[in-house]
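# Fold and geometry: a report
Single-letter residue listing:
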Amino acid sequence: RKKAKAISYAKIIWFGEHSVVYGKPAIALPLYNVDVHTNLTTETSGQTIDCRYFSGPIDEMVDNLKGVSVLIHQLLTIFNAQKINFHLKIESKIPSERGMGSSAATAVAIVRVFFKLFEAPLTRNRLLELANIEEKITHGNPSGLDTATASSEVPVWFVRHQLNEQIDFNLSNAFMVIADSGIKGKTGEAVSMVHDRLIDEPETATPLINQLGQIAKAARQALSSTDEVKLGKLMTQSQYDLAKLGVSTKALNAFCQIAIKNGALGAKLTGSGLGGCMISITQNQVAAQKVATALRKAGATQTWIQPFKNYNFSI
Ligand code: MEV
């Protein structure tokens, strides 16, 4: 083939960021309307890429795209196509470094588009294994949750090295409100900070990680019984634990309080923290709009409102 296209999604971690790195379960959602599109063509000369941070030959790519460049070279090696001409265009609606999985989604869409170009079958495991090459370079010690969610059509229940299970639930009236603090999240820094705390202060940090895992389990229970109020409470409880771990920020704490004051059932940071986004749950759309408006007034640079009913389909 001479041309191929592929997509992937932004991810929102609902429960279990950080604790997922230590083998606890997590629940994450793909965001269908916040996506990445890749377009690959061989009707060109040279090997070039066009994306948010860089436009030009792949061998001149900037340092913070090292993961992408290593991944592309790996894909060319797999297809014994090191010498082909290609142009790869990456269009992303995902803000970068905001805990929405922009790097994972980019890696997933790149792997997919090369496999499509070469008309090669791609299993889910192979897709994740390859996309995680980029994630390891970009983030150090990723759990794999981000790539698992960016490549999923449905919510995922994820346990590192074990499970990547699709889950089904029915929250027909509830809405999710996401607010961007406008501050870059620092995944690598946040992950190593939690790692250091577990070594330096295990007596306080270990129970927090365990509790975050217990909350994810309780959330799955609440999802199966459509208990939105309980889900909200569990989100707020996660936020307390994440703040105690040291990964929240003043802005994120303030957003959570504003969301709850304006009617949200619960709120927490999402992703690695130290910047990035907050998510909250509301009973209905009117409540979601009220929360989003209050958050923008309080300084959120962008908000997204997503109905949970989008996720109502059976596997
Ligand atoms: C980052 O999106 C989520 C973390 O749990 C790290 C990881 O799972 O690799 C903080």
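For the structure given in this document, a descriptive report is provided here.

So, how was this worked out
- Within each chain, residue numbers correspond to sequence positions counted from 1 in written order.
- This being a predicted model, a pLDDT of at least 70 is required before a residue's local features are given, and a value of 80 or more before pairs of side-chain atoms are given or counted; all residues contribute to the totals for chains, interfaces and linings.
- To get the side-chain values, take all heavy atoms of the structure and skip hydrogens and water.
- Throughout, the protein atoms alone are placed on a 1 Å grid, and a set of points is a cavity if a 1.4 Å probe fits but cannot get out or a pocket if it is open with protein on both sides within 12 Å along at least five of seven lines; lining residues have an atom within 4 Å of a point.
- Grid points are joined across faces, edges and corners, and a volume is the space filled by probe spheres set on the points.
- Where helices and strands are cited, they refer to DSSP runs of H or I of at least four residues and of E of at least two residues respectively, numbered from the N terminus.
- Gly is put with the polar residues, along with every residue not named as nonpolar or charged; the nonpolar set is Ala, Val, Leu, Ile, Met, Phe, Trp, Tyr, Cys and Pro, and the charged set is Asp, Glu, Lys and Arg.
- The split into domains, and so the bounds of each, comes from an automatic or database assignment of domains.
- Residues are classed as near a molecule or strand on a simple rule: at least one heavy atom within 4 Å of it.
- Polar contacts here mean pairs of N or O atoms no more than 3.5 Å apart (in protein, one a potential hydrogen donor and the other a potential acceptor; neighbouring residues in sequence count only if both atoms are side-chain atoms).
- Each accessible area is a Shrake-Rupley result for a 1.4 Å probe, and residues are judged covered by the shown protein chains and nothing else.
- To qualify as sitting in a cavity or pocket, a molecule needs more than half of its atoms within 2 Å of the grid points.
- To sort residues, take the accessible area from a 1.4 Å probe on protein chains only and compare it with the maximum for the residue type: under 20% means buried, over 50% means exposed, and anything in between is partly exposed.
- The criterion for strand pairing is that DSSP finds at least two bridges linking the strands in question.

## Quick look at the layout of surface pockets
Of the voids in this model, the largest pocket is the one considered here, and its volume is about 900 Å³. For the largest pocket, the lining is made up of 49 residues, of which Ser 103, Glu 135, Thr 138, His 139 and Thr 187 are closest to its centre. Elements supplying a minimum of two residues to the lining of the largest pocket: strand 1 (3-15), helix 1 (66-78), strand 5 (86-92), helix 2 (102-117), helix 3 (124-139), helix 4 (145-150) and helix 5 (187-200). Its residues assigned to classes, the lining of the largest pocket comprises 14 nonpolar, 24 polar and eleven charged. Each of two domains, domain 1 (3-166) and domain 2 (175-311), supplies a minimum of three residues to the lining of the largest pocket. Roughly 370 Å³ of volume is contained in the second largest pocket. Along its surface, the second largest pocket is lined by 17 residues, and Asn 132, Ser 143, Gly 144, Phe 158 and His 161 are the ones closest to its centre.

## Things to note about the site of the ligand
Residues in contact with the ligand, as listed here, are Lys 11, Ile 13, Glu 17, His 18, Val 20, Val 21, Pro 142, Ser 143, Asp 146, Val 191 and Ser 272. Here Lys 11 contributes a side-chain N or O atom positioned 2.8 Å from an oxygen atom of the ligand. Within the backbone of His 18, an N or O atom sits 2.9 Å from an oxygen atom of the ligand. Surface burial for the ligand is 96%, taken as the share of its 300 Å² of free accessible area covered by protein chains. Of all the cavities here, the one that holds the ligand is the largest pocket. Looking at the shell around the ligand residue by residue, the class counts come to five nonpolar, three polar and three charged.

## Brief notes about the pairing of strand 10 (residues 277-282)
For strand 10, the buried fraction is high: six of the six residues fall into the buried class. Where burial is concerned, the two faces of strand 10 agree: the one with Cys 277, Ile 279 and Ile 281 and the one with Met 278, Ser 280 and Thr 282 are both buried. Sheet analysis places strand 8 (residues 175-180) next to strand 10, joined by six bridges and oriented antiparallel. Counterpart to Ala 179 in the pairing with strand 10 is Met 278. Across five bridges, the pairing between strand 9 (residues 266-270) and strand 10 is antiparallel. Bridging across to strand 10, Ala 267 finds its partner in Ser 280. The turn joining strand 9 and strand 10, which pair antiparallel and follow one another in sequence, is formed by six residues; a positive phi near 95° is taken by Gly 271.

Everything listed here is a matter of geometry and, on its own, says nothing about what the molecule does.
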